[in-house]
There are 2 protein chains.
Amino acid sequence: MIENRIFNFSAGPAVLPEDVLLQVRDNLLNYKNCGLGMMEMSHRGKEFTEIIQDTEATLRKLLSISDDYAVIFTTGGATNQFSMVAMNLLGGATGNYINTGVWSKKAIAEAKKFGEVHVAASSEGDSFSSIPTNIDLSNNAAYLHFTSNNTIFGTQFSAEPQAGSTPLICDASSDFLHKPLDVSKYGLIYAGAQKNLGPSGVTLVVIRKDLLERIPENLPIMMDYRTYVDGESLYNTPPTLPIYVVGEVLKWIDAQGGLVEMEKRNRNKAAVLYQAIDAGDFYRGTAQKGSRSVMNVTFRLASENLESLFLEKAKAAGFSGLKGHRSVGGIRASVYNAFPSQGVDALVEFMKEFESSNG
Amino acid sequence: MIENRIFNFSAGPAVLPEDVLLQVRDNLLNYKNCGLGMMEMSHRGKEFTEIIQDTEATLRKLLSISDDYAVIFTTGGATNQFSMVAMNLLGGATGNYINTGVWSKKAIAEAKKFGEVHVAASSEGDSFSSIPTNIDLSNNAAYLHFTSNNTIFGTQFSAEPQAGSTPLICDASSDFLHKPLDVSKYGLIYAGAQKNLGPSGVTLVVIRKDLLERIPENLPIMMDYRTYVDGESLYNTPPTLPIYVVGEVLKWIDAQGGLVEMEKRNRNKAAVLYQAIDAGDFYRGTAQKGSRSVMNVTFRLASENLESLFLEKAKAAGFSGLKGHRSVGGIRASVYNAFPSQGVDALVEFMKEFESSNG
């Protein structure tokens, strides 16, 4: 147990499993007694080669990823993927996008730099409080892109949108590995690590290998998926420590019981929070009930003044990171895989007390 | 003191100062007693805001960087900078490049994707064993790019090449901050962190602000320098732990006496090694004497068999990372800022013993 730890509801970079933190700490000065610290080892040495291969293998195991897919480690976050997806895969056709909020919009804005874009569905009409269901694919669709979970608006797809024969591309940055996933439904999945997977600084991409044939020549070398696939993510020096930590997080997920167990825990945590929100009129969930996220639980109080007081008291009570995104305000409790259920119980208790004192 | 530490001659990721490693370890579980581990904190929180601002401030102090320059933190390594420099700064003119080896060639190959390139000087004719002195700038030069230190061939510029009024652009990945530098001579300097600055996963860029006016519209957003300058490197989630470690390394440099002290130590370490190499015929330095690197000391023995034996015995004696780059073979001792002089003395002792036994 780590001492003096507070409950960390940060939307990302986010809480990591204690076991992982302790493991990383113990290898920081002398990795597995090799005489070098984890951050000081060549990326071409035996130790790091094992780390990156093990990390990929654990991910493949957790998701039963077939050999039809490559697993690569990139940098630049999901934002860089917004560009890479379009630059690599548009191929003169039309990028289809589902617009469910800020991150979808940014992905769309990037794609427009590189080709045609069609918004196949949008929930902008109801202020992004829902997940759209009717998908209107364009002719000559290159792919269908969606944001599986929307950290800012607290909404989440409960199942994949229907893309027909068009490759489905998912920005899964904020809910990757929160439950089992059938990778074979996807053309490409990407996820910045700093929510469910590890620290910031590395972005995982799972790509169906046949899509590599679409990639045009003369892309900037680090923007070309083939650089990572052909070089096994070692074309140049990768972010070694972030990859190592991701590997440890994946092993932790596996040891906890894998994605089935993660889903169970995550559904329980979210249910407890939504139940507290729905128990009366004091708190009001911002996402429509059928579209609620199990990762980011967003809610409002009657006034901004009351929200400020809530955040102030919550902070004093040892809850960190509950402030909603600066673009929308309100309260946001991010409860990713590593967030402990005790923290949810404690927050619900606090919410009840706060309501008693201020209701 | 960290126990059971071996001498780490890795070319990168490379040895870090022990004080820094201990500091990072102590903040990994509970950063400055804030209740969150270093990797778990929001990049928009008070703690990380201080970290990134302090890191920039320390760099500005060490190099006396004026307000005419922006300091930014990017990802993708120097390789990504090969593309970014050309995409952002060619502006329809000709990129002038000095070719001093593998990394220069890669920078040239990237620039050719985005415009005209002129090789203004090259040491390819003598197998990159020297630093060229005659610079032949083209008409309409956008900039002059050079690689200040060549990790593979063990050569290094002892002074900046003459670029006249053309902005000088430097890949300083393997020798940044090894000695004082007059930033005002440069248009742009970039450096992957994993040699002199910290762990892999972050790349520092110092850019003269007037050059930002050259940048064309509609670059991929994370490939546009303005994204980092305007967003103070926080447009999206940056690699928080690598930036934190860089900050600690910079503070360590400052505490040791700054860049004047670094230069003194580095010159001493390199001198001791070159003296051992030049003491007889058993070892042979690969770089010409006037072009020798003080960061990467490269040498050969009489045969590849003897080199293999040298590496095997060195490893058994507790010296790590001495194998030359796979493209050229031989021996390479990388002795960056954080490499201790005791390690150099120990290696020289080992070299003498090895010569006695095998000479």
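Look up: the structure comes first, before these words.
The rules behind the values
Residues numbered from 1 in each chain as written. Chains lettered and ligands numbered in written order. Predicted model: local features only at pLDDT ≥ 70, side-chain atom pairs only at ≥ 80, totals over all residues. Heavy atoms only, no water. Helix = DSSP H or I, 4+ residues; strand = E, 2+ residues; numbered from the N terminus. Rg over C-alpha atoms; globule rule 2.2 N^0.38 Å. Buried < 20%, exposed > 50% of the residue type's maximum accessible area, 1.4 Å probe, protein only. Contact = heavy atoms within 4.5 Å. Areas by Shrake-Rupley, 256 points an atom, 1.4 Å probe, with all protein chains shown as cover. Lys, Arg positive; Asp, Glu negative; His and termini not counted. Charge placed at Lys NZ, Arg CZ, Asp CG, Glu CD. Pairing = 2+ DSSP bridges. Axes fitted to C-alpha atoms, helices over the stretch in contact; angles between N-to-C directions. Expected span 1.5 Å × (residues − 1). Buried area = accessible area lost by both parts, 1.4 Å probe. Salt bridge = Lys/Arg side-chain N within 4 Å of Asp/Glu carboxyl O. Arc of directions from axis to C-beta. Least-squares fit on C-alpha atoms with pLDDT ≥ 70 in both.

Novice: So, the overall build of chain A: which residues are in play, and what are the values?
Specialist: Regarding its fold elements, chain A presents nine helices and 14 strands. A globule of 359 residues ought to have a C-alpha radius of gyration of about 21 Å, and chain A, at 21 Å, matches this closely. C-alpha atoms of chain A, sized along the principal axes, occupy 65 × 60 × 30 Å. With 359 residues in all, chain A has 62% of them scored as buried. Considering only residue pairs separated by 6 or more positions, chain A has 65% of its internal contacts joining residues 24 or more positions apart. As displayed, chain A offers around 13500 Å² of accessible surface, 46% of which is attributable to carbon and sulfur atoms. Separation between the mean location of the 33 positive side-chain charges and that of the 39 negative ones in chain A comes to 3 Å.

Novice: Any details on the sheet that holds strand β14 (residues 331-334) of chain A? Residues and values, ideally.
Specialist: Residues and elements named next belong to chain A. If you trace the three strands from one edge of the open sheet to the other, you get β11-β12-β14, paired in antiparallel fashion. A strand with exactly one partner marks an edge of an open sheet, and here the two such strands are β11 (284-285) and β14. In this sheet, β14 lies alongside strand β12 (residues 296-300) in antiparallel orientation, the contact comprising four bridges. Paired with Phe299 across the bridge in β14 is Ile331. Contacts from helix α7 (residues 258-278) reach β11, β12 and β14, with the element oriented near 10° to β12.

Novice: Residues and numbers for helix α3 (residues 77-89) of chain A, please.
Specialist: Compared with the 18 Å implied by 1.5 Å per residue over 13 residues, the 18 Å span of α3(A) between its first and last C-alpha is a close match. Among the 13 residues of α3(A), 13 are classified as buried, and the element is accordingly described as predominantly covered.

Novice: Describe the sheet that holds strand β2 (residues 69-74) of chain A, and please don't skip the residues or the numbers.
Specialist: Residue and element names in this part refer to chain A. Strand order across the open sheet formed by seven strands is β2-β10-β9-β8-β5-β3-β4, with mixed pairing between neighbours. A single partner strand is all that each edge strand has here, and the edge strands are β2 and β4 (116-122). Each neighbouring strand pair of the sheet contributes to a mean axis angle of 20°, computed without reference to strand direction. Looking at chain direction, strand β3 (residues 94-99) and β4 are connected through six bridges and run parallel. Paired with Asn96 across the strands is His118, a residue of β4. Packing of α3 onto the sheet brings it into contact with β2, β3, β5 (141-147), β8 (168-171), β9 (188-192) and β10 (203-208), and relative to β9 it is tilted by some 155°.

Novice: Let's hear about the interface of chain B and chain A: which residues, and what values?
Specialist: Tallying the contact residues gives 62 residues for chain B and 61 residues for chain A. With both chains or domains summed, chain B and chain A bury close to 4700 Å², and 60% of this area falls on carbon and sulfur atoms. Ranking the residues of chain B by area buried against chain A places B:Leu29, B:Met39 and B:Glu40 at the top, with a combined share of 16%. The interface formed by chain B and chain A includes two salt bridges.

Novice: Describe α7(A), listing the residues and the values that go with them.
Specialist: All names here are of chain A. For α7, built from 21 residues, the straight-helix expectation of 30 Å at 1.5 Å per residue is met to within 8% by its first-to-last C-alpha distance of 30 Å. For α7, the full list of buried residues reads Gly258, Leu259, Met262, Asn266, Lys269, Ala270, Leu273, Tyr274, Ala276 and Ile277. Looking down the long axis of α7, one finds its buried residues gathered within 155° of arc, a one-sided arrangement. Within α7, the exposed residues directed more than 90 degrees away from the buried face are Val260, Lys264 and Gln275. Looking at the packing, one finds that the buried side of α7 touches α2 (46-63), α6 (240-256), β11, β12, β14 and α9 (341-358).

Novice: Talk me through the relation of the copies chain B and chain A; I want residue IDs and the actual numbers.
Specialist: Of the two same-sequence chains, chain B is brought onto chain A (RMSD 0.0 Å, axial shift 0.0 Å) by a rotation of 180°. The transformation just described matches what one would write down for a two-fold rotation axis. Taken as a fraction of all interface residues of chain B, those also at the interface in chain A reach 98%, which identifies the copy contact as same-surface.

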